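Structure at a glance
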Amino acid sequence: NYSESLTILNYNNRLPFTRFEFIYLLNDYLICNTLGKWFNKKRINNLVFWTFDPYRLSQPQLLNSVKSIFFRVDQYLLLKRERRLIANVDALIVTSKELLKGINKSSLTLSHGIGESEFTPDQHIKGDFLLYVGNIDFRLNYELIEVLLKKFPAEHFLFIGNLKEYKNESYKNIFKKKLYSNFEYHTPIHFKELKNYIAA
């Protein structure tokens with residue numbers, strides 16, 4: 001019980017995360033069954049299923065929800081699991097009309113918004129740098145980043161974000177071997193502080 005109006009339920013996968021659809025669907029069923037029992041015990045029967053995650057709980061009907069919404073905020077690969085979720089929900093909310101391509105579903109487009117206070121820095125960050133903020137994972141082109149580091153040695157590159165291991169020679173050169181003096185990495189920074197780096 002986080003507060004009077006918010007309860008957080010954590011769950012674990014019952015079966016290993018796998019590409020096998022049968023095991024994935026069975027895992028979904030087992031989790032929904034357990035959640036459903038908890039909702040029944042608490043007499044929660046007016047459930048709205050709202051998800052941002054295209055890879056888990058793709059069958060909201062298993063929870064007997066009165067409404068189901070998928071908030072599609074990223075351009076995933078529209079894999080089978082995401083397609084199943086889209087087919088199973090009542091409506092989509094998207095951050096861009098691009099995320100509706102090839103999808104015929106009741107939808108609402110809400111573009112990303114940013115508060116006015118985020119445009120006013122409250123701390124001066126010194127120096128000139130090229131900035132990247134976000135997850136540092138398999139989606140980045142490390143070969144291209146390495147080319148840029150070599151081609152522009154006078155520029156300072158600053159990456160801020162959650163660093164995930166990746167088996168790639170360029171990744172190792174940049175993040176493990178630290179071959180480039182014009183590259184700097186920061187672990188995640190509180191979003192209220194990020195505006196100072198973005199402003200700089």
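Summary of the structure given here. (Residues numbered from 1 in each chain as written. Predicted model: local features only at pLDDT ≥ 70, side-chain atom pairs only at ≥ 80, totals over all residues. Heavy atoms only, no water.)

Examining the overall build of the chain
Helix and strand content of the chain: 5 helices and 7 strands. When the helices and strands of the chain are placed in sequence order, the string is α-β-β-α-β-β-β-α-β-α-β-α. The C-alpha radius of gyration computed for the chain amounts to 21 Å, which surpasses the reference 16 Å derived for 200 residues by more than 25%, pointing to a less compact arrangement than a globule. Expressed as lengths along the three principal axes of its C-alpha atoms, the size of the chain is roughly 60 × 40 × 35 Å. (Helix = DSSP H or I, 4+ residues; strand = E, 2+ residues; numbered from the N terminus. Rg over C-alpha atoms; globule rule 2.2 N^0.38 Å.)

Things to note about the environment of Leu 148
Tracing the sequence through the fold places Leu 148 in helix H3 (residues 142–151). Linking Leu 148 and Thr 51, residues 97 residues apart in sequence, is a C-alpha distance of 37 Å.

What to know about the pairing of strand S1 (residues 48–51)
Burial along S1 is one-sided: Phe 49 and Thr 51 are buried, and none of Val 48 and Trp 50, which face the opposite way, are. Of the pairings in the sheet, the one linking S1 to strand S2 (residues 67–72) comprises 4 bridges and is parallel in character. Bridge assignment links Trp 50 to a residue of S2, and that residue is Ile 69. (Buried < 20%, exposed > 50% of the residue type's maximum accessible area, 1.4 Å probe, protein only. Pairing = 2+ DSSP bridges.)

Comments concerning the sheet that holds strand S4 (residues 107–109)
Taken in spatial order, the 4 strands line up as S1-S2-S3-S4 in an open sheet, and their pairing is parallel. Unpaired on one side and paired on the other, S1 and S4 mark the two borders of the sheet. Pairs of neighbouring strands in the sheet enclose a mean axial angle of 15°, with direction left out of account. Where strand S3 (residues 91–94) and S4 come together, 3 bridges link them in parallel fashion. Along S4, the bridge assignment pairs Leu 92 with Ser 107. Helix H2 (residues 80–88) contacts S1, S2 and S3 of the sheet and is inclined by roughly 135° relative to S2. (Axes fitted to C-alpha atoms, helices over the stretch in contact; angles between N-to-C directions. Contact = heavy atoms within 4.5 Å.)

Overview of the nonpolar core
The tendency in soluble globular proteins is for nonpolar side chains to be buried side by side. Core analysis: the largest hydrophobic core is formed by 17 residues, its most contacted members being Leu 35, Leu 57, Leu 63, Phe 70 and Leu 92. If you list the elements that add at least two residues to this core, you get helix H1 (21–41), H2 and S3. Per-element accounting of this core gives the leading share, 4 residues, to H1. If sequence neighbours within four positions are ignored, Leu 92 has contacts with Phe 70, Ile 86, Leu 100, Ile 103, Lys 105, Ser 106, Ser 107 and Leu 108. If you look at the next biggest cluster of nonpolar residues, it comprises 12 residues, including Ile 145, Leu 149, Phe 157 and Phe 159. (Core = buried A, V, L, I, M, F, W, Y, C linked by side-chain atoms within 4.5 Å.)

Some thoughts on the side chain of Thr 95
Within the fold, Thr 95 resides in the loop between S3 and S4. Judged by its relative accessible area of 12%, Thr 95 is buried. Every residue in contact with Thr 95, bar those within four places of it in the chain, is listed here: Phe 71, Arg 72, Val 73, Thr 109, Leu 110, Ser 111 and His 112.

Description of a nonpolar patch on the surface
Side chains of Phe 22, Leu 26, Tyr 29 and Leu 62 sit close together on the surface and give an oily, nonpolar patch of about 390 Å² of accessible area. With respect to the helices and strands, the residue Phe 22 is situated in helix H1. Overall, the relative accessible area of 65% leaves Phe 22 in the exposed class. (Patch = residues over 30% accessible without salt bridge, like charges linked within 9 Å, V, L, I, M, F, W, Y side chains within 5 Å. Areas by Shrake-Rupley, 256 points an atom, 1.4 Å probe, with all protein chains shown as cover. Salt bridge = Lys/Arg side-chain N within 4 Å of Asp/Glu carboxyl O.)

Thoughts on the sheet that holds strand S7 (residues 183–186)
Strand order in the open sheet made by the 3 strands is S5-S6-S7, with parallel pairing throughout. Only two strands of the sheet have a single partner each, and these edge strands are strand S5 (130–133) and S7. The sheet shows a mean angle of 15° between the axes of neighbouring strands, taken without regard to direction. The sheet contact formed by S5 and strand S6 (residues 157–160) spans 4 bridges and is parallel. Residue pairing for S6: Val 133 is matched across the bridge by Ile 160.

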